[in-house]
2 protein chains.
Amino acid sequence: MSIDVEQLLQTISKQIEQAMDLYLPKEGTHPSILYEAMRYSVFAGGKRLRPALLLLTTKACRGSQSDALRAACGLEFIHTYSLIHDDLPAMDNDDFRRGRPTNHIVFGEANAILAGDALLTHAFSVIASGDLAAEKKVRLIQEVAQASGALGMVAGQAADLLAENSVIDVDQLAFIHQHKTGDLLRASVRMGAIVAGATEDTLDVLTKYAEALGLAFQIHDDILDVVGDPVALGKQTGMDESLQKATWPSVFGLEASRQQVSKLTDFALSCLASLEPSEAFAELRALATWLVNRNH
Amino acid sequence: MSIDVEQLLQTISKQIEQAMDLYLPKEGTHPSILYEAMRYSVFAGGKRLRPALLLLTTKACRGSQSDALRAACGLEFIHTYSLIHDDLPAMDNDDFRRGRPTNHIVFGEANAILAGDALLTHAFSVIASGDLAAEKKVRLIQEVAQASGALGMVAGQAADLLAENSVIDVDQLAFIHQHKTGDLLRASVRMGAIVAGATEDTLDVLTKYAEALGLAFQIHDDILDVVGDPVALGKQTGMDESLQKATWPSVFGLEASRQQVSKLTDFALSCLASLEPSEAFAELRALATWLVNRNH
């Protein structure tokens, strides 16, 4: 059975965007600029990879998609807040993201800070509401708070800041990759399994899949920044080098990085192969393969 | 029975600060600057009013103090994050708070933004953990997320920004007071009652107490900025007027503002008077009276 991953991601994006529209405060409510700023970045496109990982994992574990929708939106709100704050002048100082002016360029720095704060807080409100059992909600909140918090994503961002304009070693590079991006990808898969009520054994195997896939995804991103096509990517390449950012290729070389991606992907696929029934995990397998072969 | 409120608040502060120390990531962990920045502002002093309201409400409703500790710390983490972000150059641009340099002055803007983000996220992690029943944790998280989020505290901050350098009417002033500060004070009391498993009737009455007290507290703050003693307050007075900020006294006059505080306090006390057993609510009564008579 051949799976069209691009088609699959588009279907999920549509579903997630409808749900996010429903869960976000409406524009027009006072103070409207806050809600406009939140919605501007939430609906700025993107692969919706985190919600997709969550929803596909829930489905693979025979859970209900509708049970997973709030957690999936919460993840995307948190991912979006992190992009808004990352783009701020005091952080990466980016004026454009995905071809559009960044949040603070359109709404001003103060509103961008507040829109990020509001999205982060709203994520927890959305996950804590709805019909899921309280025990599951609590586990989902623990999971996403740890992954995105002081010892997770924010630690990765702070370490990334520290690494600017300095030579870092492999351990530091791995720390940044693991926490800045890896932790939330890992949480996406784990939360999908938690919604479905997967066994602890299945959860462990899926966690290994997510960790390997998360790192492979980021190394592939680093490689695309070196050899990718700017038109397909929709952004300039060579940025990491010009910013003297430590990346997998800059530390290990391009060929070793490619081998690493391939090894990690094989391992991720072998994790899924150990789960039953095999056909339930076909979409997660296809997603892994697609992620490390994409050109954008 | 006469209650020494200052003594009571000091005892609670000590208890809360010990617990916050326990729940926060340790300094020294990589990237240490993030954890130093979080701790710098968390341990910068303050009345710890929100944890105090929560703990005293739990106690009044015959709940266990130890059950309330995580929620109380979560509230203070959220209050602290809001101060760090409020002080940023793009927001209020304050270099000092309580006589100490603000977070971004010491750690830089980027780390101040991240320390705020991390404290907000950590609040949910701390409340979602521990031994409380899952149903209670979920209610506490819903309560604090709504109070501090897009339709609560952040809405108040965004409205406050919009109001800068413009003439605002009474409704707008009330909106800012209600959301920027009132919502989290209201949540403090409600969360205390939720920890204790109070009945919905008791919760309703305590909510009315909290709303009246919250507004009285803020009007009293506005009054202190006009007539207070800078030495006792530990900060300059006359700031609201020099910044042309709309305040209760600037809109209604000083005398009418004082009458409003007195009326709101009487109402708050009458709410408590309707609850049984009367002596259980003595500390919450004393706190209300102290809050609107303090000179700092």
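This is a predicted model, so every value here is computed, not measured.

Colleague: Help me out: how do you make sense of the overall build of chain A in this one?
Modeller: Along the backbone of chain A there are 15 helices and two strands. Along the first, second and third principal axes, the C-alpha set of chain A runs to 50 × 50 × 35 Å. In chain A, which comprises 296 residues, the proportion classed as buried is 57%. In chain A, the proportion of contacts linking residues at least 24 apart, taken out of those at least 6 apart, comes to 71%. Counting every atom, chain A has about 12,000 Å² of accessible surface; 50% of that belongs to carbon and sulfur. Taken as two groups, the 25 positive and 38 negative side-chain charges of chain A have centres that lie 5 Å from each other.

Colleague: Can you walk me through the environment of D92 of chain A in this structure?
Modeller: Residue and element names in this part refer to chain A. By secondary structure assignment, the location of D92 is in the loop between α4 (65-87) and β1 (96-97). Classification of D92 as partly exposed rests on a relative accessible area of 34%. Counting along the chain gives 69 residues from D92 to L161, while the straight-line C-alpha distance between them is 8.7 Å. Dropping the residues within four chain positions of it, D92 is found in contact with D86, E164 and K180.

Colleague: Help me understand the relation of the copies chain B and chain A, please; the structure alone is not making it clear to me.
Modeller: Mapping one chain copy onto the other needs a rotation about an axis and a shift along that axis. For the match of chain B to chain A, the screw axis carries a shift of 0.0 Å, the RMSD comes to 0.0 Å, and the turn is 180 degrees. Taken together, these values place the two copies in the relation of a two-fold axis. Taking the C-alpha atom as reference, chain B places A134 of chain B closest to the rotation axis, 2.7 Å from it. Here 100% of the contact residues of chain B are again contact residues in chain A; the copies associate through an equivalent surface.

Colleague: What exactly am I supposed to notice about the packing of α4 of chain A against helix α6 (residues 109-128) of chain A here?
Modeller: Helix-helix packing: each pair is described by the crossing angle between the helix axes and the interaxial distance. All names here are of chain A. Viewed as axis vectors pointing N to C, α4 and α6 meet at an angle of 165 degrees, and their least axial separation amounts to 8 Å. Considering the angle they form, α4 stands roughly antiparallel to α6. At the point where α4 passes α6, the crossing takes the left-handed sense. Contacts between α4 and α6 involve R70, A71, G74, F77, I78, T80, Y81, I84 and H85 on the former and, on the latter, A112, I113, G116, D117, L119, L120, H122, A123, F124, V126 and I127. Among the residues forming the contact of α4 with α6, the class breakdown is 13 nonpolar, five polar and two charged.

Colleague: Sorry if this is basic, but what is going on with the confidence of the model for chain A here?
Modeller: Predicted coordinates in regions of low pLDDT should not be interpreted in detail. Chain-level pLDDT for chain A is 95 on average; 100% of the residues reach the 70-or-more range. Confidence metrics for the complex model read pTM 0.97 and ipTM 0.97.

Colleague: What's the story with the packing of aromatic side chains in this structure? I'm lost.
Modeller: In this description, a pair of aromatic rings is defined by centroid distance and the angle of the planes. Residues and elements named next belong to chain A. Inspection of the entire model under this criterion finds five aromatic pairs over all chains. Relative to F107, the ring of Y40 has its centre 5.4 Å away and its plane inclined at 75 degrees; by these criteria the two rings are edge-to-face. One end of the pair, Y40, is in helix α2 (residues 32-42); the other, F107, is in helix α5 (residues 103-107), and 67 residues separate them in sequence. Lying across the ring of Y40, R100 places its NZ or CZ 4.1 Å from the centre.

Thresholds, definitions, all that
All residue numbers here refer to positions counted from 1 along the written sequence of the relevant chain. Chain labels run from A onward and ligand labels from 1 onward, assigned in the order the entries are written. Given that this is a predicted model, residues contribute local features only at a pLDDT of at least 70 and side-chain atom pairs are listed and counted only at 80 or more, while totals for whole chains, interfaces and linings are drawn from all residues. The basis for every side-chain value is the complete set of non-hydrogen atoms in the structure, without hydrogens or water. Going along the chain from the N terminus, every DSSP run of H or I of four or more residues is numbered as a helix, and every run of E of two or more is numbered as a strand. Burial here depends on accessible area, computed with a 1.4 Å probe over protein chains only, as a share of the maximum for the residue type. Under 20% is buried, over 50% is exposed, and the range in between is partly exposed. Should any heavy atoms of two residues lie within 4.5 Å, those residues are counted as being in contact. To be clear on the numbers: accessible area is Shrake-Rupley with a 1.4 Å probe, and residue cover counts the displayed protein chains and nothing else. Charged residues are defined here as Lys and Arg on the positive side and Asp and Glu on the negative side; His and the ends of the chain fall outside this count. For this purpose, a charge sits on NZ of Lys, CZ of Arg, CG of Asp or CD of Glu. Only residues with pLDDT of at least 70 in both copies contribute their C-alpha atoms to the least-squares superposition of the copies. To obtain each axis, a line is fitted to C-alpha atoms, and for helices this fit is confined to the stretch in contact; angles are then taken between N-to-C directions over 0 to 180 degrees. When an angle is under 35 degrees it counts as roughly parallel; over 145 it counts as roughly antiparallel; between 65 and 115 it counts as roughly perpendicular; any other value is oblique. Each crossing gets its hand from how the near helix is turned against the far one by less than a right angle, where anticlockwise is left-handed and clockwise is right-handed. Here the term charged refers only to Asp, Glu, Lys and Arg, the term nonpolar to Ala, Val, Leu, Ile, Met, Phe, Trp, Tyr, Cys and Pro, and the term polar to all other amino acids, Gly among them. On a range of 0 to 100, pLDDT expresses the predictor's confidence in each residue. Here a pair means two rings of Phe, Tyr or Trp (six-membered ring of Trp) with centres within 6.5 Å. Their orientation is stacked below 30 degrees between planes, edge-to-face above 60, and tilted elsewhere. Two thresholds decide whether a charge sits over a ring: the Lys NZ or Arg CZ must be within 6 Å of the ring centre and within 35 degrees of the ring normal.

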